Amino acid sequence: MTALNWTDAVSEAREATGFRGEVVPRTVEAVRKAVSTARHSEFDQELGALGRGGAFDAFLDHWWTQALADSMPEQDARELAVEFADLAIALYVRAKGGPTYTSTEVEQMIKRVVS
C-alpha cells in the first residue's frame, strides 16, 4: 500500500511496527503540549525562527517524533514510538514525492535557522 495522506501513513506505520500507543496529532499545538515541559523553551525558540516550507515540515516531524517518545512511560515503548514515527513520516513524504532527510540533516537545518 502506498500512503496517500497522513492518516494512511500512520495506519501503515502502525501495522508495520506494531505500535499501539496514543498518536499525538501532528499539529504545533498538540506537539508542544505532548513534549516534556523541560523542552518547551527549545521548541518555542526553534519554532520562532522558522518560516514555512521544508524547514517547517522538518521541524514539525522532528518534534512530533519527540512528542511521541516523551508521551511513552517506558524505554521500550519510546523506542517503538520513534520507530513508528520515523516510518509514518517516511511513508508520507514518499507518497508526496517530497525530499527525505536524515535526523542529522534535520538537526543541522534547524540549527542553521536558529543560529
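Because the structure is predicted, anything quoted here is derived from the model rather than measured.

**Side note on the pattern of salt bridges**
Part 1 of the reasoning: Under the definition given, this model contains three salt bridges.
Part 2 of the reasoning: Asp61 is the salt-bridge partner of Arg26, the closest N and O atoms lying 2.6 Å from each other. Of this pair, Arg26 sits in the loop between α1 (6-17) and α2 (28-34) while Asp61 is found in helix α4 (residues 54-70), placing the two residues 35 residues apart along the sequence.
Part 3 of the reasoning: Taking the shortest distance from any N to any O, the salt bridge between Asp44 and Arg32 comes out at 2.8 Å. Separated by twelve residues along the polypeptide, Asp44 in helix α3 (residues 40-49) and Arg32 in helix α2 bring together distant segments of the chain.
Part 4 of the reasoning: Looking at Asp44, the relative accessible area reads 34%, which means it is partly exposed.
Part 5 of the reasoning: Judged by relative accessible area, which is 30%, Arg32 ranks as partly exposed.

**A closer look at the packing of aromatic side chains**
Part 1 of the reasoning: Scanning all chains against the criterion turns up seven aromatic pairs.
Part 2 of the reasoning: Between Phe19 and Phe84 the ring centres are 4.5 Å apart and the planes differ by 15°, which places this aromatic pair in the stacked class. Of this pair, Phe19 sits in the loop between α1 and α2 while Phe84 sits in helix α5 (residues 75-96), and the two are 65 residues apart along the sequence. The burial state of Phe19 is the same as that of Phe84; both residues are buried.
Part 3 of the reasoning: Chaining the aromatic ring pairs together yields one cluster made of Trp6, Phe19, Trp64, Phe84 and Tyr92.
Part 4 of the reasoning: Of note, Arg14 hangs over the ring of Phe84, and the distance from its end group to the ring centre comes to 5.9 Å.
Part 5 of the reasoning: Taking the ring centre of Trp6 as reference, the NZ or CZ of Arg26 above it sits at 5.1 Å.

**Concerning α1**
Part 1 of the reasoning: Under the 1.5 Å per step criterion, the end-to-end length of α1 is 16 Å for twelve residues, consistent within 8% with the ideal 16 Å.
Part 2 of the reasoning: For α1, the complete set of buried residues consists of Trp6, Ala9, Val10, Glu12, Ala13 and Thr17. End-on view of α1: buried residues confined to an arc of 165°, all on one side of the axis. Exposed side chains of α1 directed beyond 90 degrees from the buried face belong to Thr7 and Glu15.
Part 3 of the reasoning: On its buried side, α1 packs onto α4 and α5.
Part 4 of the reasoning: The residue sitting at the N-terminus of α1 and contributing the capping side-chain oxygen is Asn5; that oxygen lies 3.0 Å from the backbone nitrogen of Thr7.

Cut-off values and rules
Residues numbered from 1 in each chain as written. Predicted model: local features only at pLDDT ≥ 70, side-chain atom pairs only at ≥ 80, totals over all residues. Heavy atoms only, no water. Salt bridge = Lys/Arg side-chain N within 4 Å of Asp/Glu carboxyl O. Helix = DSSP H or I, 4+ residues; strand = E, 2+ residues; numbered from the N terminus. Buried < 20%, exposed > 50% of the residue type's maximum accessible area, 1.4 Å probe, protein only. Phe/Tyr/Trp six-rings, centres within 6.5 Å; stacked < 30°, edge-to-face > 60°. Lys NZ or Arg CZ within 6 Å of the ring centre and 35° of its normal. Expected span 1.5 Å × (residues − 1). Arc of directions from axis to C-beta. Contact = heavy atoms within 4.5 Å. Polar contact = N/O pair within 3.5 Å; in protein donor to acceptor, adjacent residues only side chain to side chain.

Functional significance is not addressed by these values, which are geometric in nature.
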